[in-house]
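# Coordinate inspection notes
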Amino acid sequence: MEAVIVLLPGDGIGPDVTASARQTLQAVADKFGHRFAFKEELMGGAAIDACGDPLPPATIESCMASDAVLLGAVGGPKWSDPNAAVRPEQGLLGLRAALGVYANLRPVKIYDALAGASPLRAEILDGVDLLVVRELTGGIYFGAKTRDADSASDLCVYQRYEIERIVRVAAKLASTRRSKLCSVDKANILETSRLWRETTDRLMADEFPDIEVETLLVDAAAMHLMSRPSDFDVIVTENMFGDILTDEASMLAGSMGMLPSASLGDSARGLYEPIHGSAPDIAGRGIANPCGAIASAALLLRHSLGLEDEACAVESAIEDAIASGARTADIAAAGETPISTADMTDAINRYLN
Ligand code: IPM
Ligand code: MG
């Protein structure tokens, strides 16, 4: 097949891991007989430096004309002055809104060989295979903000239809897995959460009576994720709770550098990004873990291009490379010699078949 893929390297380690994902996608194209056209565009702090806008119109245009978008990471100390007029993160939020990608899928998969990289005991990790479905274009991230010298406010708003569509995505995914859905809210405090719970309960009873539904308050969910992570199948939650819980959940996998994400809307076009940030402390040193970005490329193949076999081939290649002992610094145990981003990428691509 032919596809146009827009790459948004962004900031910090973003360019390193995006280059890795591109190499793997090119290797997939060569091996399976596809033609991918890659187009790189400016985004985040790099775009602020180039033209003062974290999401230039040309970037939006290219993304809208593409089959899929792969993003590295945005942000860094250079652009994080609290009084800055524009911020890299605004570009990312603007892009998510422009693409209409309201469903952010964050799968947490544990590689057996990496059980020792997690701060949790191996027996707690046994059987962990969960998927967080985070609402991505609503809630407190997108509500009105106010600020004066001594006060500030951020409005959290949800419409019923926004809750219904994300819960449907999560429930459909649950029905292809272990048929368990956990909805996370803060309904003892927040009005938006009470609407969330009421809407979820009704929709699940009406449309997905065969799926087992559990509801947790977000503070309890944070605890249960650590104490009984293998009980979870699909977790659905609002934007900010999903942001926080997925950083926490990444510790199950040993490193944020391992986890991919897919952001999907109503069309096939999706936005794919590793869940890690720009990691300015290691930027430009060639030691970042490319696994999250490469696993995001696998999700791109699956969800935007419909190439399931190719997606599985990439996921197995990551697993095989890890099993063979390839480790970047973030997942290397004491005594293991870490390898570079480029060598990790080569190791993965060697197992692609
Ligand atoms: C994420 C990130 C972003 C978010 C930031 C960079 C805006 O933390 O994708 O999880 O908060 O959504
Ligand atoms: Mg986050």
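These numbers were taken from a predicted model, which means no experiment stands behind them.

## Details of helix α10 (residues 291–303)
With 13 residues, α10 extends 18 Å from end C-alpha to end C-alpha; this agrees with the ideal 18 Å at 1.5 Å per step. Within α10, 11 of the 13 residues are buried, which leaves it mostly tucked inside the rest of the structure. Looking at α10, one finds that the buried residues are C291, G292, A293, I294, A295, S296, A297, A298, L299, L300 and L301.

## Structural notes on empty space enclosed by the protein
As enumerated under the stated definition, the model contains one cavity of 30 Å³ or more in all. Taken as a whole, the largest cavity spans an internal volume of roughly 50 Å³. If you trace the largest cavity, you find it lined by C156, Y158, V184, D185, L190, T192, S193, W196, E238 and F241. When residues of the lining of the largest cavity are traced back to their parent elements, those giving at least two are β8 (180–185) and α7 (191–207). Sort the elements by how many residues they give to the lining of the largest cavity and α7 lands first, with three residues. Across the lining of the largest cavity, the residue classes tally to six nonpolar, two polar and two charged.

## Things to note about the packing of helix α1 (residues 14–32) against helix α11 (residues 308–323)
Close contact between α1 and α11 brings their axes to 11 Å; oriented N to C, the two are set at 125°. For the element pair α1 / α11, the angle class is oblique. As for the relative orientation of α1 and α11, their crossing is right-handed in sense. Across the interface between the two elements, T24, V28 and F32 of α1 pack against E310, A313 and V314 of α11. Split into classes, the residues belonging to the contact of α1 with α11 amount to four nonpolar, one polar and one charged.

## A short note on the nonpolar core
The biggest cluster of nonpolar side chains holds 87 residues, and the ones touching the most others in it are F36, L252, M258, L301, I318 and I322. If one sorts the elements of this core by residue count, α10 sits on top with nine residues. Two domains each put at least three residues into this core: domain 1 (1–118 + 260–353) and domain 2 (120–253). Among residues more than four places away in sequence, those in contact with I322 are Y111, A113, L114, M258, C291, R327, I331 and M344.

## Focus: the site of ligand 1
Residues in close proximity to ligand 1 include E89, L92, R96, R106, R134, Y141 and D243, which together make up its full environment. Between ligand 1 and the protein, one listed contact pairs an oxygen atom with a side-chain N or O atom of Y141 at 2.5 Å. Taking D243, its side chain carries an N or O atom lying 2.9 Å from an oxygen atom of ligand 1. When the free accessible area of ligand 1 is taken as 320 Å², the share hidden by the protein chains comes to 77%. Of all the elements, helix α4 (residues 88–99) adds the most residues to the shell around ligand 1, at three residues. Across the shell around ligand 1, the residue classes tally to two nonpolar, no polar and five charged. Each of domain 1 (1–118 + 260–353) and domain 2 (120–253) accounts for three or more of the residues forming the shell around ligand 1.

## A few points about the sheet that holds strand β3 (residues 68–73)
In space, the 10 strands of this open sheet follow the order β2-β1-β3-β12-β11-β4-β5-β10-β8-β9, with mixed pairing throughout. The open sheet terminates on both sides in strands that have one partner only, identified here as β2 (35–40) and β9 (212–217). Strand-to-strand twist of the sheet, defined as the mean angle between neighbouring strand axes without regard to direction, takes the value 25°. Summarising the sheet, β3 and strand β12 (residues 270–272) pair through three bridges and their orientation is parallel. Counterpart to L70 in the pairing with β12 is Y272.

## Section: the pattern of salt bridges
Should their charged atoms come close, side chains of opposite charge can pair. Summed over all chains, the structure comprises 23 salt bridges. D154 is paired through a salt bridge with K145; the nearest N and O atoms lie 3.0 Å apart. Residue D154 is classed as partly exposed on the basis of its relative accessible area, which comes to 43%. The partner of R228 in a salt bridge is E214, and the shortest N-O contact between them spans 2.7 Å. A residue pair is termed long-range when its members are at least 10 positions apart, and R228 in the loop between α8 (218–227) and β10 (234–237) and E214 in strand β9 qualify at 14 residues. Bridged by salt links that share partners, the residues D129, R177, R178 and D233 form one connected network.

Rules used in this analysis
- Residues numbered from 1 in each chain as written.
- Chains lettered and ligands numbered in written order.
- Predicted model: local features only at pLDDT ≥ 70, side-chain atom pairs only at ≥ 80, totals over all residues.
- Heavy atoms only, no water.
- Helix = DSSP H or I, 4+ residues; strand = E, 2+ residues; numbered from the N terminus.
- Expected span 1.5 Å × (residues − 1).
- Buried < 20%, exposed > 50% of the residue type's maximum accessible area, 1.4 Å probe, protein only.
- 1 Å grid on protein atoms, 1.4 Å probe; cavity = no way out; pocket = protein on both sides within 12 Å on 5 of 7 lines; lining within 4 Å.
- Points joined across faces, edges and corners; volume = space filled by probe spheres on them.
- Nonpolar A, V, L, I, M, F, W, Y, C, P; charged D, E, K, R; others polar.
- Axes fitted to C-alpha atoms, helices over the stretch in contact; angles between N-to-C directions.
- Parallel < 35°, antiparallel > 145°, perpendicular 65-115°, else oblique.
- Left-handed = near helix turned anticlockwise from the far one by under 90°.
- Contact = heavy atoms within 4.5 Å.
- Core = buried A, V, L, I, M, F, W, Y, C linked by side-chain atoms within 4.5 Å.
- Domains from an automatic or database assignment.
- Near = heavy atom within 4 Å.
- Polar contact = N/O pair within 3.5 Å; in protein donor to acceptor, adjacent residues only side chain to side chain.
- Areas by Shrake-Rupley, 256 points an atom, 1.4 Å probe, with all protein chains shown as cover.
- Pairing = 2+ DSSP bridges.
- Salt bridge = Lys/Arg side-chain N within 4 Å of Asp/Glu carboxyl O.

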